[in-house]
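Structural overview
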Amino acid sequence: MKLSRRALLQLAAGASTTMLASHLPAAWGRAPRERKAAQFQNPLFAGDYADPTILRVGKDFYFTHTCYRYAPGLVVWHSRDLVNWTPISKALSHSYERAEVWAPDLVEHKGHYYIYFPMGGIFVVHAEHPSGPWSEPIELKVDDIDPGHIVGPDGTRYLYTAGGHMVELSDDGLSAVGEKKQVYNGWQFPAEWKTEGFWLESPKLTRRGDFYYLICAEGGTSGPPTSHMAVVARSRSPLGPWENSPHNPLIHTYSEDETWWSVGHGTLVDTPDGRWYFVYHGYRNGFKSLGRHTLLEPIEWTDDGWPQAPLGSRRDQPMPAPMGVAQKPMLSLSDDFRAPALKATWGAWSEADMSRFHTGHGALTVGAKGDTPGHSSPLTVMARDASYEAQVVASPKGGCGAALGLFYNPDHWLFAELGSGRLRVYGPKETLADRPWTGSAAHLKIVNRRHRIEVLASDDGRHWQSLVKDFDASDFNVNKLGGFQALRIALAASATGEARFSDFRYHAL
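All values reported here derive from a predicted model rather than from experimental measurement. (Residues numbered from 1 in each chain as written. Predicted model: local features only at pLDDT ≥ 70, side-chain atom pairs only at ≥ 80, totals over all residues. Heavy atoms only, no water.)

Overview of the overall build of the chain
- If you tally the helices and strands in the chain, you get 3 helices and 38 strands.
- Scaling as 2.2 N^0.38, a compact globule of 509 residues should have a C-alpha radius of gyration of about 23 Å, and the chain matches this with 23 Å.
- If you line up the chain on its principal axes, its C-alpha atoms span 75 × 50 × 45 Å.
- Classification of the 509 residues of the chain by burial places 60% in the buried group.
- Within the chain, contacts between residues separated by at least 24 positions form 58% of all contacts whose residues are at least 6 apart in sequence.
- With an accessible surface of roughly 19900 Å², the chain has 49% of that area assigned to carbon and sulfur atoms. (Helix = DSSP H or I, 4+ residues; strand = E, 2+ residues; numbered from the N terminus. Rg over C-alpha atoms; globule rule 2.2 N^0.38 Å. Buried < 20%, exposed > 50% of the residue type's maximum accessible area, 1.4 Å probe, protein only. Contact = heavy atoms within 4.5 Å. Areas by Shrake-Rupley, 256 points an atom, 1.4 Å probe, with all protein chains shown as cover.)

So this is what it looks like as structure tokens:
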């Protein structure tokens, strides 16, 4: 029996692994035979690694993603096997007041590296190597979002943006030439599909053979689980005209029963031995509060030159590792603060002065800022799991409040704070707990069991008292609050003085 690709993907939404595997080409994403045992399983990056952009130069892969208002921003990661990654630089050293940073495009041109990104208009940073140092942001004076870079056969550089727009760039890629114009209208998906709207976004361009391939997102990122998708068009010129793929969409969530919701916004990447993969984002089923994880799956090319993604909804199943190297755990979120600098897993919300944070000798010290934990530009890490525990030892000094909490944005958060001889738990609208505390430090713990939060404290790290037994955090997500943020674990120091934190621990439940 031969099924159409769309029928196969729709079947996949409810199919068993065995049933679906019987209709898949035997060679999808297969590593060399001698490496067959090495496995990979999504997500590629667990946590809020939205809008991924990936680049291969020789044997090296580089990756970055949306950073919103978190600083340091645009962390660049490196890999030799496509599944295990190490941070090598931070392109933005602090947060900028102009706007949030979304949907970057990481590119290489003539041995030089660029990251184009929107920040209230399109900006670019550049470097001699992805490990940096990176330049200060340069404004292109292009009022749009979602940049995608491509070079024409004559060496002319172009930047695509949302809505199917394109503008020519200068030879050095640091300014726009002329006005942007619309050159692509997108692919019209079936009217009965449940989406947010059309929303033609996220142009990412690749050249393969005689064609330029344009991958765009449509359908909107939030809204229903079936909102998002990635669509393909191609042209023999970077200026168009663009022909839509007869196999569109490349990826899409067809059912709310699938493991990954609202999949889309991705980049094609090939391996040195000629295999192709698609790197994109998606929400975990039922857990939009975790943000958009980065996912990876194999791509096949049809005989007439169109990319297809044969995995379908089985993207949550183990697959052969792309380069024959098994997937290892991501960089640990737990931190003993012995390193002289913050780990790449930490990011401060809207912070222009990163000198507030000091690590080393087993402690993190944070200079106080703001009148509440939520308005203190808290230092955060991305939670990765549906259920987890996070704990830290907090000690305030000089009138400071030292807090552990969950942070969505400055208006929506939950914090347990020690200060002025009292231990308080602040919710989004009211104080949830308030009791005296005689010690100069407290072990604080947050337990998140599938959106049900318990907040605990201890004076010795062994005997715990529950401050808040059951807080519902399920509304901390984009559909309820907007903003495309994730609910992150946060350390905060507010009022005056400074807070000292030690022994931060995170583990999945």
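Picking up after the structure, the text goes on.
A closer look at the packing of aromatic side chains
- According to the stated counting rule, one finds 27 aromatic pairs in the structure shown.
- Judged by centre distance (6.2 Å) and plane angle (10°), the ring pair of F189 and W193 falls under stacked. As far as burial versus exposure is concerned, F189 and W193 are alike and both buried.
- Members of the aromatic cluster, joined through ring pairs, are F45, Y49, F63, W77 and W85.
- The ring of F211 carries the charged tip of R234 above its face, separated from the ring centre by 4.1 Å. (Phe/Tyr/Trp six-rings, centres within 6.5 Å; stacked < 30°, edge-to-face > 60°. Lys NZ or Arg CZ within 6 Å of the ring centre and 35° of its normal.)

Focus on unusual backbone geometry
- Between G132 and the following residue, P133, the backbone shows a cis peptide bond with an omega angle of 5°.
- Relative to the helices and strands, P133 resides in the loop between strand 9 (122–127) and strand 10 (138–139).
- In the segment running from G240 into P241, the intervening peptide bond is cis, with an omega of 5°.
- Checked against the element boundaries, P241 lands in the loop between strand 17 (229–235) and strand 18 (243–244).
- One non-glycine residue, D51, lies in positive phi territory at about 55°.

Side note on the side chain of T267
- Locating T267 in the fold gives a position in strand 20 (residues 260–270).
- Polar contacts involving the side chain of T267 include one to the main-chain carbonyl oxygen of P52, which spans 3.4 Å.
- Residues contacting T267, with those up to four places away along its chain left out, are P52, T53, I54, K204, Y277, F278 and V279. (Polar contact = N/O pair within 3.5 Å; in protein donor to acceptor, adjacent residues only side chain to side chain.)

What about the nonpolar core?
- Of all hydrophobic cores here, the largest spans 54 residues; its most connected members are L364, I489, F501 and F504.
- A total of 5 residues in this core trace back to one element, the largest contributor, which is strand 30 (residues 400–409).
- Contact partners of L364, with chain neighbours within four places excluded, come to F337, L342, F357, H358, T359, L379, L491, A499, R500 and F501.
- By size, the runner-up hydrophobic cluster in this structure holds 22 residues, among which are L44, Y277, V279 and M319. (Core = buried A, V, L, I, M, F, W, Y, C linked by side-chain atoms within 4.5 Å.)

Notes on the sheet that holds strand 5 (residues 73–79)
- Read across the open sheet, the 4 strands follow the order 2-3-5-6; overall the sheet is antiparallel. Bordering the open sheet on either side are strand 2 (53–57) and strand 6 (86–92), each of which pairs with just one other strand. On average, each strand axis in the sheet is tilted by 25° relative to the strand beside it, whichever way the strands run.
- Here 3 bridges tie strand 3 (residues 60–64) to strand 5, and the two strands are oriented antiparallel to one another. Bridged to Y62 within strand 5 is H78. (Pairing = 2+ DSSP bridges. Axes fitted to C-alpha atoms, helices over the stretch in contact; angles between N-to-C directions.)

What to know about the pairing of strand 11 (residues 148–151)
- In this structure, strand 11 lies alongside strand 12 (residues 157–161), joined through 4 bridges in antiparallel fashion. From the neighbouring strand, V151 faces strand 12, where its bridge partner is R157.
- Adjacent in sequence and paired antiparallel, strand 11 and strand 12 are bridged by 5 residues, among which G155 carries a positive phi angle near 90°.

Re the confidence of the model for the chain
- Model confidence for the chain is summarised by a mean pLDDT of 93, while 93% of its residues fall at 70 or above.
- Note that residues 1–35 has pLDDT below 50 and, in this model, 61 contacts with residues that lie over four places away or in other chains. (pLDDT = per-residue confidence, 0-100.)

Description of the pattern of salt bridges
- Enumeration over the complete set of coordinates arrives at 21 salt bridges.
- The partner of E351 in a salt bridge is R356, with the nearest N and O atoms 2.7 Å apart. Each member of the pair, E351 as well as R356, carries the same accessibility label: buried.
- Of the charged contacts in the structure, one is a salt bridge between R452 and D472, with a shortest N-O distance of 3.4 Å. Residue R452 is found in strand 35 (residues 452–458), and its partner D472 is found in strand 36 (residues 465–472); the two are separated by 20 residues along the sequence.
- Accessibility expressed as a relative area gives 37% for R452, which makes it partly exposed.
- Connected through shared salt-bridge partners, E258, E297 and R315 make up one network. (Salt bridge = Lys/Arg side-chain N within 4 Å of Asp/Glu carboxyl O.)

Some points on the pairing of strand 32 (residues 422–426)
- Residues L423 and V425 point to one face of strand 32 and are all buried, whereas R422, R424 and Y426, pointing to the other face, are not buried.
- In this sheet, strand 32 lies alongside strand 31 (residues 412–419) in antiparallel orientation, the contact comprising 5 bridges. Each residue of the ladder has a partner; that of L418, found in strand 32, is L423.
- Here strand 31 folds back onto strand 32 in antiparallel fashion, the turn holding 2 residues, of which S420 has a positive phi close to 55°.
- Judged from the 5 bridges that link them, strand 32 and strand 33 (residues 431–436) form a sheet pairing that is antiparallel. Each residue of the ladder has a partner; that of R424, found in strand 33, is D434.

Considering the side chain of H228
- Structurally, H228 is set in the loop between strand 16 (211–218) and strand 17.
- There is a polar contact of 3.3 Å between the side chain of H228 and the backbone oxygen of G220.
- Those residues in contact with H228 that lie beyond four places of it in its chain are A217, E218, G219, G220, T221, H252, T253, S262, V263, G264, H265 and H281.

A short note on the environment of G360
- In this structure, G360 sits in strand 26 (residues 357–360).
- When the C-alpha atoms of G360 and W77 are compared, they prove to be 23 Å apart, with 283 residues separating the residues in sequence.
- With residues near it in sequence (within four places) discarded, G360 still touches F337, R338 and A339.

Some remarks on the sheet that holds strand 10
- With respect to topology, 4 strands assemble into an open sheet ordered 7-8-9-10, the strand pairing being antiparallel. The sheet is open, and its two edges are formed by strand 7 (105–109) and strand 10, each paired on a single side.

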